Amino acid sequence: MLPSCKPTSATFKLKTRHSSSFHFRFRFLRSFSSSSAFSNLSTLLQGHISQTHLLQLHARIFILGAHQNNLIATRLIGHYPSPFALRVFSQLKNPNIFPSNAIIRVLGEDGHFRHAFSIFKTLKQRCLSPNDFTFSFLLKACFRVSDLRYLEQIHTHVMTSGYLCDPVVCNGLLVVYAKGFKDLDSARKVFDEMPEKGMVSCWTSLIAGCAQAGRTEEVLSLFCKMVEVNLQPEDDTMVSVLSACSNLEIFKIENWLTILIEFINNVNNKTIRDSIHTVLIYLYGKLGDTERSRKSFNEIDDFGKRSVLPWNSMMAAYVQNGRPVEALSLFRLMMENPVRKPNHVTMVSVLSACAQIGDLDLGTWVHEYLKSKGRRGILETNTFLATALIDMYSKCGCLEKAKQVFGRMVSKDVISFNAMIMGLATNGKGEEAVSLFSKMQEVGLSPNAGTFLGLLCACGHSGLSEEGQRIFNNMSSDFSIPPRLEHYACYIDLLSRVGLVEEALKVIDSMPFEPNNFVWGAILGGCLLHSRTELAAKVYKKLVEVDPENSGGYVMLANAFAVDRRWSEVSVVRWLMREKGVKKQPGHSWISIDGIVYEFVAGSPQHPQTEGIYNTLTGLVKVMKVTSPSEILLGLWCRKF
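The text that follows walks through the structure, step by step, so that each part is easy to find. (Residues numbered from 1 in each chain as written. Predicted model: local features only at pLDDT ≥ 70, side-chain atom pairs only at ≥ 80, totals over all residues. Heavy atoms only, no water.)

**Re the pattern of salt bridges**
Rule in force here: Salt bridge, as applied in this entry: a Lys or Arg side-chain nitrogen positioned within 4 Å of an Asp or Glu carboxyl oxygen. Strands are runs of DSSP state E lasting at least 2 residues, helices are runs of H or I lasting at least 4, and numbering of each runs from the N terminus. To sort residues, take the accessible area from a 1.4 Å probe on protein chains only and compare it with the maximum for the residue type: under 20% means buried, over 50% means exposed, and anything in between is partly exposed.
For the structure on display, the rule yields 21 salt bridges. The salt bridge involving Lys403 is made with Glu400; its shortest N-O contact spans 3.6 Å. Separated by three residues within a single helix, Lys403 and Glu400 lie in helix H25 (residues 399-408), roughly one turn from each other. With relative accessibility at 52%, the residue Glu400 sits in the exposed group. Shared partners join several salt bridges into a network, and the residues in it are Asp185, Arg188, Asp192, Arg215 and Glu218.

Structure below.
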C-alpha cells in the first residue's frame, strides 16, 4: 500500500525566509512569454533543490499553468517521494513516456513495485511505447519483489518491444535473474542469446552470479571466453573470478593453470595478460607454490600494479602458506607508492600475517590506519576486518583490545563469536569462553563446528575437564553437529592434560576416524606430563607410524627418557632419528625493529648480520663466565636505583 497522498499543512507551508536570489529569478520569469517561462522553470528544476524552494517553484508552476508540461512534470516527479510524485503524475492529462518513466523509477525505488508495474501496463492504453529507460527502471525495481512471474512478464515485453539487442536492458535482465532470483540458467540463456556481447558489465554480472552460486568452473570458463574475445576484465570482474578460485578443488587447479598459461602465450593485450597473471598468482598460492606465484606477480608491470588485486592475491598466497614475513615485506613495498590504496582484503591478510609472527606494532598501526583513513564505521560493520583484528590481538596477548573490538561490532556473526572464543581459549580464559558461548545462544546465533573447536580448546587450556566433556557430548545430542577428527583431537588433549590417559585411549578406540599425528601427539603429551613413560614409549610408536618424518614425537620421548636418566633409551631414539633421516625442525623467531620484521632460524647463517650477532653473543657469554651471579645481581640492583 502506498502511504496517503494527502499533503499536510506543515509540508506545504511556505517559509518567509528565503534567498533574495530566488526572488530575483521569479521576478525575472514574469517578464517572459509562457514558453520562455516553461523553459526557465525546467532549468530551475535541475540539480538539488531545497524543500522550501521546491514548493515555491511548484506554486509558480501552477500559477503559469506549467504543470501539464511533460518535461517540467518529469523533473518535479524526480524531486518528490512517491506519494507526492504520484499526485504530480496523476494531474497530467496527456503524459508521454518521460514522466511515465520518472514515476516508475520513483515507485520502484520506494519499494512499490506492483504500483510501478501497473503504470507500465497502462502505457499501451495510452499508445505509448516503453523505451530502454522504462525497462531499466522496472528491472531495478524487481529486486524488491519475490515473484518471478513479474520478471518473466517484463522479459516477454522486452522481447516483443525489440530490446533484446540493447546491452543495457539485457544486463539488467541478467543481473535480476542471476542476483535477484538466483536463476542462473535463465541468466545464461539471456547472455547466450545476446547478439552483441561487447559490454563488459554483462560478463561481470553473469560471472558474479555464477561465483555466488559456487559454479567455479563456469566462472573460469566465462573468464577465458572473455579474454578470448579480447575484452578487458574490470576490477569487479576479477573480484568474482578470484572469489570463485577460492572454491576450486585442488585436483582441478593444474588443469586450469595449463589453460590460463596457454592464454597468456596467445594474448597481446598487456592489461588482459595482467588479469590472467593475477588469477595465476592466486591458483599457484592455493597449490602452495609461492615461488611461481611471485614469478607471475613480477610479470605484472607498474601500471598493472596500480590495482590492489595482484597485491592482495600475492599477500594471501604468502599468508596461507606460512610465509608472514614475505607478506609484510610485500605490504611495505605496496605502501611506498601513494597511488596504491589498500582495501579491507589487504588489511585482513596483513593482520593475519601479524598474528602469525606476533607483530603487535604493525597490527596496531593497521588498526589506527583503518580508524583514520578507512570508511566511517568500517571496523564496527565489516565482520572480516573486525574478526582479523580480534584474532591478531588475541594471538599477540592483548586480550583486552580484542574484547574492545568485539564489543564495538554492530552486528556479530558466528565467525566473530568463534574468533573471540578462540582468543579467550588461547589466553587461558576458559570460563569466559564458556560464558560467551551462552551469550551467543541468547542472541539467537546457532553454533557451528568452529565454535565447539574453540570451546574444547578453552576447556583444555583451563583444565575444565567436566565442562569439556559436557560440551563434547552435547555437540551431537543438542546441536546435531557430529564431532570431526579435530574435535576428537581437542577432546583427547583435554583428557590427557588432566591425567585421564586411559579414558582418552578409549575415546580413540570408539571414534569413527583413524587417529592422526595430532591425536597421538596429544596422548603422548599427556603421558609425559604425568610421568607415564612406559605408556609414552608405546604411544610414540603409534605416532611414528602415522607421521614418520615429524621429529616432535622423537624429541618428546627422548626428553622423557632423559628426565628419568635412561640414557641408553635416549641414545636409541636419537639413533632411530639418524637412521630414518628425521631431522629436528629448526626453531623460528621474529623481532620487529623500526617497523621491519627480522626472521631468525636456528642454525641458519642466512641472516645478513649473522657474523656480527654471533660475535656479540660470544662477547656476552665471556662476560657472563667471568662475572659471578652475585655481581650480576648487584649490578642490576645498582642500576635500578
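Next, the rest of the story.
**Some remarks on helix H28 (residues 449-462)**
The condition is simple: Working rule for helices: expected span equals 1.5 Å times residues minus one. Residue contacts are counted whenever heavy atoms from the two residues lie within 4.5 Å of one another. In protein, a polar contact requires one atom able to donate a hydrogen and another able to accept it; more generally it is a pair of N or O atoms within 3.5 Å, and residues adjacent in sequence count only if both atoms are side-chain atoms.
Over its 14 residues, H28 extends 20 Å from the first C-alpha to the last, a length consistent with the 20 Å expected when each residue adds 1.5 Å. Turning to H28, its buried residues number three or more, namely Ala449, Thr451, Phe452, Gly454, Leu455, Leu456, Cys457, Ala458, Cys459 and Gly460. For H28, the elements touching its buried residues are helix H26 (414-426), helix H27 (430-442), helix H29 (465-479) and helix H30 (485-497). Where H28 begins, the side chain of Asn448 points an oxygen toward the backbone nitrogen of Gly450, at a separation of 3.0 Å. Just downstream of H28, Gly463 is the residue with a positive phi angle, here 70 degrees.

**Description of the nonpolar core**
Quick note on the threshold: Note on terminology: a nonpolar core comprises buried Ala, Val, Leu, Ile, Met, Phe, Trp, Tyr and Cys residues joined through side-chain atoms within 4.5 Å.
The biggest cluster of nonpolar side chains holds 95 residues, and the ones touching the most others in it are Phe113, Ile154, Ile276, Val279 and Leu283. Apart from the residues within four sequence positions on either side, Leu283 is in contact with Cys245, Leu248, Ile253, Trp256, Leu257 and Leu260. Counting 90 residues, the second-largest nonpolar core is a separate cluster that includes Leu370, Cys457, Phe472 and Ala489.

**A word on the layout of surface pockets**
For clarity, the threshold we go by: Grid spacing is 1 Å over the protein atoms alone, the probe is 1.4 Å, and a cavity is where that probe fits but cannot get out, while a pocket is an open set with protein on both sides within 12 Å along at least five of seven lines and lining residues have an atom within 4 Å of a point. Grid points are joined across faces, edges and corners, and a volume is the space filled by probe spheres set on the points. Here the nonpolar group is Ala, Val, Leu, Ile, Met, Phe, Trp, Tyr, Cys and Pro; Asp, Glu, Lys and Arg are the charged ones; every other residue, Gly included, is treated as polar.
The calculated volume of the largest pocket comes to roughly 930 Å³. Lining the largest pocket are 28 residues, with Gln320, Val345, Val348, Ser349 and Phe384 positioned closest to its centre. Broken down by secondary-structure element, the contributors of at least two residues to the lining of the largest pocket are helix H15 (235-245), helix H19 (309-320), helix H21 (344-357) and helix H24 (383-395). Of all the elements, H21 adds the most residues to the lining of the largest pocket, at seven residues. Taken together, the residues of the lining of the largest pocket break down into 12 nonpolar, 13 polar and three charged.

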